[in-house]
Amino acid sequence: MPAATGTNPIVDSVDRRLPSFDEDPDRDLVASMLSYTTPDCILINFACGPISLLEKVVCVAKADLREACCPFSGYTALHFAAEMGVEENVRWMLDHGSAWNGRDRLGNRAIDLARKEGHQECSKFLFEYAVEKEYARYYLPYTTPPDEWDNPVDKDRTPQVEGYFKSVVMYTSPQQTAHDFAMVDMGTGTGVMMEWERPLMKETARLLLEGLPKGVRILNVGFGLGIIDTYFQENCPSNHTIIEAHPNCIDFMRKTRWFGERNRHTERSPQLVSKVSREEIGRFDVVYFDTFAEGYRAYMEFYQYLPSLLSGPNARVSFFHGLGAHSLTVYEIYSEVISRHLYDVGLNVDWSECHIPPEVQWISYSEGVDGQNHPYKIPICRLAPTVRRTVVPDCGWRGDFEASPLSTKSVT
Ligand SMILES: C[S@@+](CC[C@H](N)C(=O)[O-])C[C@H]1O[C@@H](n2cnc3c(N)ncnc32)[C@H](O)[C@@H]1O
């Protein structure tokens, strides 16, 4: 069939740029389809077709791998390929601009569909791709992501952090019961810390203190309701340092006699931790951090100080992990990203879980938000046995045993 040239400007432009029929049999097919439909439509219909055809539709006819989707299901080409387990196409699409985090009308990502259909290799590849991409992202300077499909959680948190520290925080029970006692940011109506999080704090404290003798040295960043600090007190710590920054929280600490008796700092971390020398703040057997409003980049800044805050190989670190928790898939991806970032600073992580019934969870004072129906993950980190680490320029630390060809220096 001859190419449908001369009738459609898109066809003309495609036709001029495609190789001749003898070299490429897909050329004619694409060109003729373009006489009655759009490149995006061809992409969606041939998402599981040959790569040679996808190349024409995407690279030449400029179909949009990110935006093109089925109007009924909201599936992008990546969704179709992942659901059918066509791994080669999935790889090609991700290499050419598909977003791993793109969602269909029901909120499913391509990886969710691959998992649902039991395509293990394909879902493993999608998982690893997302982990690698998100892992590398945080070693690069922050740039505003074009949209949420690029990255589900990396946002500029400066306005939230500034807003939080300027706003009034109240200790209150919205339902007038002890079970919903909470620390609420009155500026946004958001719960900063809620009583329903107690089981998570209790389990974290248990895991952190398990097997340790009485009288350990503990550092906690972020007092909130003081729930975890109450459990820490059961160890009769010889030093219990709390870093808290919000003035209303510090007032609450005074009223509840938490402030003043023990060794406390009231500046914002991680600035505080980086400012004071290790000798001044000391080393700890247990370090916990759970701040509010700050994004993951602030956590990463804090990671680098952790090894020098720990008393030795038996010391433990934990923190609240809510990164990407709105979806189990994204939560799992970020758990792996976190493990790798911590490994890069010399910490190994063991993960535990704590289930909290979704119906008791609330986040906003005013709006209903669905509770998380999968368990919370609790990281317990320890200093890793020393391995050779390398610095990758513009990327960060890689803990490979083999020196990277990109490395400028290596340390042990
Ligand atoms: C979620 S609450 C902590 C809850 C605590 N784990 C508990 O068991 O009750 C977060 C706390 O971190 C404090 N915070 C937020 N950013 C901080 C920072 N950069 N430095 C110190 N404290 C901070 C907040 O004011 C708040 O009191």
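Use the structure listed above.
Residues numbered from 1 in each chain as written. Predicted model: local features only at pLDDT ≥ 70, side-chain atom pairs only at ≥ 80, totals over all residues. Heavy atoms only, no water.

Student: Hey, could you run me through the packing of aromatic side chains in this one?
Tutor: For any pair of aromatic rings, geometry is given as the distance between the ring centres together with the angle between the planes. Applying the stated criterion across every chain yields a total of 17 aromatic pairs. By the ring-pair criterion, three or more aromatic residues cluster together here, those being Tyr138, Phe289, Tyr296, Tyr299, Phe302, Tyr303 and Phe319. Of note, Arg217 hangs over the ring of Phe284, and the distance from its end group to the ring centre comes to 5.3 Å. (Phe/Tyr/Trp six-rings, centres within 6.5 Å; stacked < 30°, edge-to-face > 60°. Lys NZ or Arg CZ within 6 Å of the ring centre and 35° of its normal.)

Student: Mind showing me how you'd approach helix H15 (residues 296-303) here?
Tutor: Note: α-helices contain 3.6 residues per turn, so residues at a spacing of three or four share the same orientation. Taken across its eight residues, H15 has six buried, putting it largely inside the fold. If you check which residues of H15 are buried, you get Tyr296, Ala298, Tyr299, Met300, Phe302 and Tyr303. (Buried < 20%, exposed > 50% of the residue type's maximum accessible area, 1.4 Å probe, protein only. Helix = DSSP H or I, 4+ residues; strand = E, 2+ residues; numbered from the N terminus.)

Student: Is there a simple way to explain the sheet that holds strand S2 (residues 182-185) in this structure?
Tutor: Two pairing modes exist for strands in a sheet, parallel and antiparallel, and in both the strands are linked by backbone hydrogen bonds. Strand order in the open sheet formed by three strands is S1-S2-S3, with antiparallel pairing between adjacent strands. Either end of the sheet is taken by a strand with one partner, and the two such strands are strand S1 (169-172) and strand S3 (190-194). Each adjacent strand pair in this sheet contributes to an overall mean axis angle of 30°, direction not counted. (Pairing = 2+ DSSP bridges. Axes fitted to C-alpha atoms, helices over the stretch in contact; angles between N-to-C directions.)

Student: Just checking my understanding: could you explain the pattern of salt bridges for this structure?
Tutor: Should the charged atoms of two oppositely charged side chains come close, the side chains can pair. If you walk through the whole model with that rule in mind, you get 13 salt bridges. We note a salt bridge from Glu128 to Arg340, for which the minimum N-O separation is 3.1 Å. One end of the pair, Glu128, is in helix H8 (residues 120-137); the other, Arg340, is in helix H17 (residues 328-344), with 212 residues separating them in the sequence. The exposure class assigned to Arg340 is partly exposed, which follows from its relative accessible area of 21%. The salt bridge involving Arg206 is made with Glu210; its shortest N-O contact spans 3.2 Å. (Salt bridge = Lys/Arg side-chain N within 4 Å of Asp/Glu carboxyl O.)

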